[in-house]
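Structural description and commentary
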Amino acid sequence: LFDSFKVGYVGGANVRRELADEVYEASQYAAPLKLPLHQEMAYAQDYPGRVIFFCLKPAERGGETIICDMREVTRDLPKALRQKLEAHGVSNVRNFTAPRTDGREDSANEHPDQKSWKIGFFTDERSEVEAICAEREMKTLWHEDGSLTVTVDFDAFTPHPVTAELIYRS
């Protein structure tokens, strides 16, 4: 039913180390930060068909993963909003900082909005970032300070792989 997802997590919104073939660690957030409801890699043209959760050591406090049925979320969208989304699609914008130059190592989990493109794309070569983004139909905008903005435009709804029901990509 679902093909293997070989794209990996390069360019992902959060940084995850690959623990084994196609097995990635969870998002690493500092304790006071919360991960909002989202669909795994919905900002990408290709995304995993299935996500499996496993917890070896539960957090002493917090650490919950929000799970919901996006078919229900889609059904609950107000008609006018759904029509606008269908007509205009979605533009996803992500910003990456420049790699550190102060001698400290880039960190994946200081704050999700302070991740460098070196960490996000697992390379320090701009040309590799450009190639990855081009392959994934993402537009790149390099800034004078060495930071990067990546945008991708797509339909707001995608067919469910089994039912073909259109589902909102959040």
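Residues numbered from 1 in each chain as written. Predicted model: local features only at pLDDT ≥ 70, side-chain atom pairs only at ≥ 80, totals over all residues. Heavy atoms only, no water.

What follows deals with the sheet that holds strand 5 (residues 148-154). Reading across from one edge, 3-5-4 is the order of the 3 strands in this open sheet, with antiparallel pairing throughout. The open sheet terminates on both sides in strands that have one partner only, identified here as strand 3 (90-96) and strand 4 (139-142). Neighbour-to-neighbour, the strand axes of this sheet turn through a mean angle of 20 degrees, independent of strand direction. Pairing of strand 4 with strand 5, which is carried by 4 bridges, proceeds in the antiparallel orientation. Following the sheet pairing, Lys139 is matched in strand 5 by Thr151. (Pairing = 2+ DSSP bridges. Helix = DSSP H or I, 4+ residues; strand = E, 2+ residues; numbered from the N terminus. Axes fitted to C-alpha atoms, helices over the stretch in contact; angles between N-to-C directions.)

A few words on the pairing of strand 5. The buried fraction of strand 5 is high, at 6 of 7 residues. The pairing of strand 3 with strand 5 spans 7 bridges and is antiparallel. Paired with Arg94 across the strands is Val150, a residue of strand 5. Here strand 4 folds back onto strand 5 in antiparallel fashion, the turn holding 5 residues, of which Gly146 has a positive phi close to 90 degrees. (Buried < 20%, exposed > 50% of the residue type's maximum accessible area, 1.4 Å probe, protein only.)

Let's shift gears to the packing of aromatic side chains. Applying the stated criterion to the full structure yields 3 aromatic pairs. Note on Phe157 and Tyr168: the rings are 5.8 Å apart at their centroids and 55 degrees apart in plane angle, and the pair reads as tilted. Taken together, the residues span a long stretch of sequence, with Phe157 in strand 6 (residues 157-159) and Tyr168 in strand 7 (residues 166-168) at a distance of 11 residues. Stacked on the ring of Phe157, the Lys or Arg Arg82 has its end atom at 4.6 Å from the ring centre. Seen from the ring of Phe154, Arg169 lies directly overhead, with NZ or CZ sitting 4.1 Å from the centre. (Phe/Tyr/Trp six-rings, centres within 6.5 Å; stacked < 30°, edge-to-face > 60°. Lys NZ or Arg CZ within 6 Å of the ring centre and 35° of its normal.)

Once that is clear, we can look at helix 4 (residues 126-135). All of the buried residues along helix 4 are Val129, Ile132 and Cys133. Viewed end-on, helix 4 has its buried residues packed into an arc of 95 degrees, placing them on one side of the element. Looking at helix 4, the residues exposed on the side facing more than 90 degrees away from the buried face are Ser127, Ala134 and Glu135. Check the buried side of helix 4 and you find it contacts helix 3 (117-121), strand 4 and strand 5. Once helix 4 ends, the next one or two residues include Glu137, with phi positive near 60 degrees. (Arc of directions from axis to C-beta. Contact = heavy atoms within 4.5 Å.)

Quick look at the nonpolar core now. Judged by nonpolar contacts, the single largest core of 19 residues is most densely connected at Leu85, Phe121, Leu148, Val150 and Tyr168. Those elements that place two or more of their residues in this core are strand 3, helix 3, helix 4, strand 5 and strand 7. Considering each element in turn, this core owes the most residues, 4 residues, to strand 5. Those residues in contact with Leu148, other than ones at most four positions away along the chain, are Arg94, Asn95, Phe96, Trp117, Phe121, Val129, Thr140, Leu141, Trp142 and His143. (Core = buried A, V, L, I, M, F, W, Y, C linked by side-chain atoms within 4.5 Å.)

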